[in-house]
Structure formats: C-alpha cells, structure tokens
Amino acid sequence: MERGQLKDALSAIESHSSPSVALRVAQVQLEERIDNSFRVRSKAEAILRDKLTIAQKAICYEVIGRVSMSGGQIETGMKAMRKAISLASEAQSLVLEARVAVSNAEALIHWVA
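Cut-offs used in this document
- Starting afresh in each chain, residues are numbered from 1 along the sequence in its written order.
- Under the rules for a predicted model, residues below a pLDDT of 70 receive no local features and side-chain atom pairs below 80 are neither given nor counted, while totals for whole chains, interfaces and linings still include all residues.
- Side-chain descriptors were evaluated using all non-hydrogen atoms of the structure, hydrogens and water having been removed beforehand.
- Strands here mean DSSP runs of E at least two residues long; helices mean DSSP runs of H or I at least four residues long; both are numbered from the N terminus.
- For this measure, only C-alpha atoms enter the radius of gyration; the expected value for a globule follows 2.2 Å times N^0.38, where N is the number of residues.
- The rule is simple: take the accessible area with a 1.4 Å probe, protein chains only, and divide by the maximum for that residue type; under 20% is buried, over 50% is exposed, in between is partly exposed.
- What sets the accessible areas is the Shrake-Rupley method with a 1.4 Å probe; for residues, cover comes only from the shown protein chains.
- Positive charges come from Lys and Arg alone, negative charges from Asp and Glu alone, with His and the N- and C-terminal ends not counted.
- Note that the charge is assigned to NZ on lysines, CZ on arginines, CG on aspartates and CD on glutamates.
- Here, a salt bridge means any side-chain nitrogen of Lys or Arg that lies within 4 Å of a carboxyl oxygen of Asp or Glu.
- A fitted line through C-alpha atoms serves as each axis, taken over the contacting stretch for helices, and the angle formed by two N-to-C directions is quoted from 0 to 180°.
- Angles below 35 degrees are treated as roughly parallel, those above 145 as roughly antiparallel, those between 65 and 115 as roughly perpendicular, and all remaining angles as oblique.
- Two helices crossing with the near one rotated counterclockwise from the far one by less than a right angle form a left-handed crossing, whereas a clockwise rotation gives a right-handed crossing.
- Residues are treated as being in contact if the distance between any of their heavy atoms lies within 4.5 Å.

Once that is clear, we can look at the overall build of the protein. Per the secondary structure count, the protein includes six helices and zero strands. Reading the secondary structure of the protein in the N-to-C direction produces α-α-α-α-α-α. Computed over C-alpha atoms, the radius of gyration of the protein comes to 13 Å, within 12% of the 13 Å expected from 2.2 N^0.38 for 113 residues, which places it in the range of a compact globule. Its C-alpha atoms give the protein principal-axis dimensions of about 40 × 30 × 25 Å. Looking at the protein as a whole, 36% of its 113 residues are labelled buried. Accessible area for the protein stands at about 6,500 Å²; split by element, carbon and sulfur atoms hold 55% of it. Averaging the positions of the 15 positive and the 13 negative side-chain charges in the protein gives two centres separated by 5 Å.

Structure follows, in structure tokens:
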C-alpha cells in the first residue's frame, strides 16, 4: 500500500468522533506504518488497557514491537513481538499469525541492516 493510501485511510478513521476499539486498533496500526514513533507505541499501550479481542491484542503488541525495535529498544521490541506471535497463534488465525511473523522478520531485517 502506498503512503498516500495509508494517510487517506488514517484520515477516514480520524473523522469519526468516537471510534470503536476496532477502529482505534486499525488507527494505531496505520500510524505505525506512517510515523513509527514512540507516541504511536504509547497509543498502542493505552489501547491494550481496553477490552480487546485476542487478535486486537496481537496487533497492538506487534505495533509496540516494531516501534521499539526501530527505536533501538531491541529487547523490548523482541519481547513484544514474541507476545504478538503468541497471541496471534492463540487467536487461531493463520492469516494474522503469518502476518505478525512476517512483520517480526521485517523488523529484525531493518534492525540488522
């Protein structure tokens, strides 16, 4: 997906006056792809305090892991990614599990490179 499309999707979510938890999870996921700052990690951590599905928790931990690793906090990032992979498996969603595993590999490659 192009950066412009991500920004358009993010703008659509931000136009909601009181977005659902599912939209807030999608929002933080999009923001990580656009911004990847510790502010995004804080938002993901805050969302984890809400009532979430297992899959939504996995996505939040994935965001926390990616942001942490890109910011040089490798141990924190790897711990969050392990939690995301575990939750994705628990959610019994092969698509989510594969996507989180690929996201983890991508984050590790960026860290090494």
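This brings us to the pattern of salt bridges. For side chains of opposite charge, pairing can occur when their charged atoms come near one another. As enumerated under the stated definition, the model contains ten salt bridges in all. For the salt bridge of Glu-31 with Lys-43, the shortest nitrogen-to-oxygen distance reads 2.8 Å. One end of the pair, Glu-31, is in helix 2 (residues 21-34); the other, Lys-43, is in helix 3 (residues 38-47), and twelve residues separate them in sequence. Since its relative accessible area comes to 4%, Glu-31 is described here as buried. By relative accessible area, Lys-43 is classed as partly exposed at 31%.

Attention now goes to the packing of helix 2 against helix 4 (residues 54-70). Look at helix 2 against helix 4: their axes get within 10 Å of each other, and the N-to-C directions meet at 20 degrees. Between helix 2 and helix 4, the angle is such that the two are roughly parallel. As for the relative orientation of helix 2 and helix 4, their crossing is left-handed in sense. Counting all contacts with helix 2, which are made through Val-21, Ala-22, Val-25, Val-28, Gln-29, Glu-32 and Arg-33, the residues of helix 4 involved are Gln-56, Ile-59, Cys-60, Glu-62, Val-63, Arg-66 and Val-67.

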